[in-house]
Amino acid sequence: MATVPGARRRLLCVAPLVPAGGVDTLLTAFGMLAGDRPDLTVQVVGGGPLSRTLRAHADYLGVADRVGFCGPLRAPAVRTAVRGCAVLVLPHRDDGAGAGSAADVALSEARLAGCPVVATPQAAPHLASGDAGSLVPAGSPTALAQALEAALGAPVRTDPGAPAATASTRGGDGHLLRRVWDRVVR
């Protein structure tokens with residue numbers, strides 16, 4: 001998937017809007033990255049009782065205009081959404097609440113499309129860190145933000161058969177933590 005210079009890049013999250021879904025962790029991590037990545041947006045696929053609370057959280061973080069909640073989608077629409085995203089994010093806290101069939105479809109499509117995946121072990125227990133993705137601890141927005149920063153700065157494939165082209169990053173993990181800390185103490 002080629003990225004057009006200046007085009008908005010999208011994180012795709014497929015998770016239920018319940019505490020175990022971890023969407024709040026993603027929103028907090030996105031809040032850490034948003035100021036340095038004005039081209040970045042988030043699309044959340046899933047439904048649940050925390051919809052209003054999560055929208056309020058995005059508003060509180062000042063990123064509501066860059067976060068879209070589209071509700072649950074059927075498998076073909078999930079596949080299409082994955083093909084158009086920069087990174088698939090599965091931030092689930094509990095495998096009991098389950099990533100569910102939509103997240104399983106998204107993970108399978110990401111593998112086929114060569115899309116980077118950032119997930120918790122609860123959401124993707126068989127995902128190996130490395131080329132295909134990154135595993136992060138559940139409920140840790142800082143670790144999630146670092147993994148997203150790395151995935152967004154990692155080589156970007158123009159198509160699954162083409163060689164990777166390098167994308168630039170702004171700083172790296174240490175710089176990300178320093179920027180977050182600077183925002184907290186100001």
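Every chain begins its residue count from 1, and numbering advances along the sequence as written. Thresholds applied to this predicted model are a pLDDT of at least 70 for local features of residues and 80 or more for the giving and counting of side-chain atom pairs; totals over whole chains, interfaces and linings are not thresholded and use all residues. Water and hydrogen atoms play no part in the side-chain values, which are based on all heavy atoms of the structure.

Trainee: Describe the side chain of Thr25, listing the residues and the values that go with them.
Mentor: Comment: elements are numbered from the N terminus, with helices defined as DSSP H or I runs of at least four residues and strands as E runs of at least two. Within the fold, Thr25 resides in helix α1 (residues 23–34). The contact criterion used throughout is that any non-hydrogen atoms of two residues lie within 4.5 Å. Not counting the four nearest positions on each side in its chain, Thr25 is found in contact with Arg93, Gly139, Ser140, Pro141 and Leu144.

Trainee: Give me helix α3 (residues 75–83): which residues, what numbers.
Mentor: Accessibility here uses a 1.4 Å probe with only protein chains present; expressed as a share of the type maximum, an area under 20% marks a residue as buried, one over 50% as exposed, and anything in between as partly exposed. For α3, the complete set of buried residues consists of Val78, Ala81 and Val82. The buried residues of α3 occupy an angular sector of 100° when projected down its axis, which confines them to one face. This arc corresponds to the set of directions leading from the helix axis out to the C-beta atoms.

Trainee: Could you give an account of the confidence of the model for the protein chain, with specific residues and numbers?
Mentor: For the protein chain, mean pLDDT is 81; residues scoring 70 or higher make up 72% of the total. Low confidence marks residues 1–6, where pLDDT is under 50. Its contacts with residues over four positions away, or in another chain, come to eleven contacts. pLDDT expresses how confident the predictor is about each individual residue, on a scale running from 0 to 100. Here residues 155–174 is modelled with pLDDT under 50, and outside its nearest four sequence neighbours on either side it reaches 27 contacts, counting other chains as well.

Trainee: Give me the lowdown on the sheet that holds strand β2 (residues 40–45), citing residues and values where you can.
Mentor: In this scheme, strands are said to pair when DSSP sees at least two bridges between them. Spatial ordering of the open sheet is given by β3-β2-β1-β4-β5-β6, a layout of six strands whose pairing is parallel. At either end of the open sheet lies a strand with only one pairing partner, and these are β3 (67–71) and β6 (133–135). Neighbour-to-neighbour, the strand axes of this sheet turn through a mean angle of 20°, independent of strand direction. As judged from the three bridges shared by strand β4 (residues 87–90) and strand β5 (residues 117–119), these two strands associate in the parallel manner. What sits directly across from Leu90, in β5, is Ala119. Helix axes use the C-alpha atoms of the stretch in contact, all axes being lines fitted to C-alpha atoms, and the angles between their N-to-C directions lie in the range 0 to 180 degrees. Packed on one face of the sheet, helix α5 (residues 141–153) meets β1 (9–14), β2, β4, β5 and β6 and runs near 160° to β4.

Trainee: I'd love a proper account of the packing of α1 against helix α2 (residues 51–61), names of residues and values included.
Mentor: Axis separation between α1 and α2 bottoms out at 10 Å; the angle between their running directions is 15°. Between α1 and α2, the interaxial angle falls into the category roughly parallel. Considering how the two elements wind past one another, α1 and α2 form a crossing that is right-handed. Facing Val23, Asp24, Leu27 and Thr28 of α1, the residues of α2 in contact are Leu54, His57, Ala58 and Leu61. Grouping the constituent residues of the contact of α1 with α2 by class yields five nonpolar, two polar and one charged. For classification purposes, angles smaller than 35 degrees are called roughly parallel, those larger than 145 roughly antiparallel, those between 65 and 115 roughly perpendicular, and all remaining angles oblique. A clockwise turn of the near helix away from the far one marks a right-handed crossing, whereas an anticlockwise turn of less than a right angle marks a left-handed crossing. Following the grouping adopted for this structure description, the nonpolar residues are Ala, Val, Leu, Ile, Met, Phe, Trp, Tyr, Cys and Pro, the charged ones are Asp, Glu, Lys and Arg, and the polar ones are all others, Gly among them.

Trainee: Lay out the environment of Gly68 with the relevant residues and their values.
Mentor: Examined against the element boundaries, Gly68 turns out to sit in strand β3. By relative accessible area, Gly68 is classed as partly exposed at 29%. With 24 residues separating them along the chain, Gly68 and Val44 place their C-alpha atoms 6.1 Å apart. When residues no more than four places from it in sequence are discounted, the contact partners of Gly68 are Val42, Gln43 and Val44.

Trainee: I'd like to hear about the pattern of salt bridges, residue by residue, with values.
Mentor: Oppositely charged side chains may form a pair once their charged atoms are brought near each other. Salt bridges, as used here, are contacts in which a Lys or Arg side-chain nitrogen is within 4 Å of a carboxyl oxygen on Asp or Glu. The final tally for this structure, using the stated rule, is three salt bridges. Residue Asp24 is joined to Arg93 by a salt bridge in which the shortest nitrogen-to-oxygen separation is 2.7 Å. With Asp24 in helix α1 and Arg93 in the loop between β4 and α4 (100–113), this residue pair connects regions lying 69 residues apart in the sequence. Assessed through its relative accessible area of 29%, Asp24 is described here as partly exposed. The partner of Glu109 in a salt bridge is Arg83, and the shortest N-O contact between them spans 3.3 Å. Pair noted here: Glu109 is in helix α4 and Arg83 is in helix α3, with a separation of 26 residues, a long-range link. Residue class for Glu109 comes out buried when judged on its relative accessible area of 9%. With relative accessibility at 44%, the residue Arg83 sits in the partly exposed group.

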